[in-house]
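Spelled out, the chains give:
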Amino acid sequence: MHNDIAEVLFTEDEIARRVDEIGAQITRDYAEATDEGIVLVSVLRGAAIFMADLARRIELPVEMDYMAVSSYGDGAKSSGVVRILKDLASEIEGRHVVVAEDILDSGLTLKYLLKNLASRHPASLEVATLLRKKTLAQAKIECKYIGFECPDRFIVGYGLDYAERYRNLPYIGVLKPEMY
Ligand code: XMP
Ligand code: MG
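Residues numbered from 1 in each chain as written. Chains lettered and ligands numbered in written order. Predicted model: local features only at pLDDT ≥ 70, side-chain atom pairs only at ≥ 80, totals over all residues. Heavy atoms only, no water.

Asks: Which residues make up the nonpolar core, and what are the values?
Replies: Among the nonpolar cores identified, the biggest contains 30 residues, and I26, L54, L131 and I155 are the most heavily contacted of them. Elements represented by at least two residues in this core include exactly β1 (5-10), α1 (12-29), β2 (38-44), α2 (48-55), β5 (96-104), β6 (124-133), β7 (145-150) and β9 (172-175). For L54, the residues in contact, after removing those within four places along its chain, are V19, I22, G23, I26, L40 and A128. Judged by nonpolar contacts, the second largest core, of 20 residues, contains V43, V99, L113 and A139. (Core = buried A, V, L, I, M, F, W, Y, C linked by side-chain atoms within 4.5 Å. Buried < 20%, exposed > 50% of the residue type's maximum accessible area, 1.4 Å probe, protein only. Helix = DSSP H or I, 4+ residues; strand = E, 2+ residues; numbered from the N terminus. Contact = heavy atoms within 4.5 Å.)

Set out below in structure tokens:
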């Protein structure tokens, strides 16, 4: 285990098994869409690793597209005011869209994003989040696919970073508080 990690929450194997299950669930849920398939939208950069693994567990045509957003304000807290830094490359009107997120904390980022995507009139719009923090105040968001519930601590690994580090850890863990 990396020296800066206080505790491993989910091992590489546990993540792989859960991603496998979500992929199978999506494959079943969109069985009617075997022709057109779905568009997986990942929110850069944290969700890129989750989406790459999830895409390979879905047995349907899958397009992959990316958005980058930044919330105003800095660091660990999200303000809910979101700026789009990079928009989707493709139109999603009439398409089945699944947004892959790394972690749902306050939910404010995702709430903004879903409103924005819904205004483009996709055929359907769902969310697959790898992690959902158990927080007291969380925006009410319909999240159809949830990987794991996690404690309200600072989480890194498998895409999640602190100051751009630790994204490449194959497991998900809690960062030692003295690191930030
Ligand atoms: P909100 O509060 O809008 O925040 O749901 C979502 C985004 O905030 C980042 N975030 C984290 N990143 N470890 C991280 O590496 C965490 O524990 C954490 N909590 C929130 C993340 O980018 C997420 O998409
Ligand atoms: Mg993120």
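That was the structure; now back to the text.
Asks: Tell me about the site of ligand 1, and name the residues and values.
Replies: Residues in contact with ligand 1 amount to 15 residues; listed here are only the nearest, S106, G107, T109, I155 and D161. D105 is positioned such that a nitrogen or oxygen atom in its backbone is 2.9 Å from an oxygen atom of ligand 1. Contact distances for ligand 1 include 2.9 Å between an oxygen atom and a side-chain N or O atom of K133. Protein contacts shield 85% of the accessible area of ligand 1, which totals 510 Å² for the unbound molecule. Elements supplying a minimum of two residues to the shell around ligand 1: β5 and α3 (108-118). (Near = heavy atom within 4 Å. Polar contact = N/O pair within 3.5 Å; in protein donor to acceptor, adjacent residues only side chain to side chain. Areas by Shrake-Rupley, 256 points an atom, 1.4 Å probe, with all protein chains shown as cover.)

Asks: Tell me what's going on with the environment of V8, and back it up with residues and numbers.
Replies: Note on placement: V8 falls in strand β1. Note on V8: relative accessible area 31%, which makes it partly exposed. Along the chain, V8 and L104 lie 96 residues apart, while their C-alpha atoms are 19 Å from each other. Setting aside anything within four residues of it in sequence, one finds V8 in contact with M1, Y171, I172 and G173.

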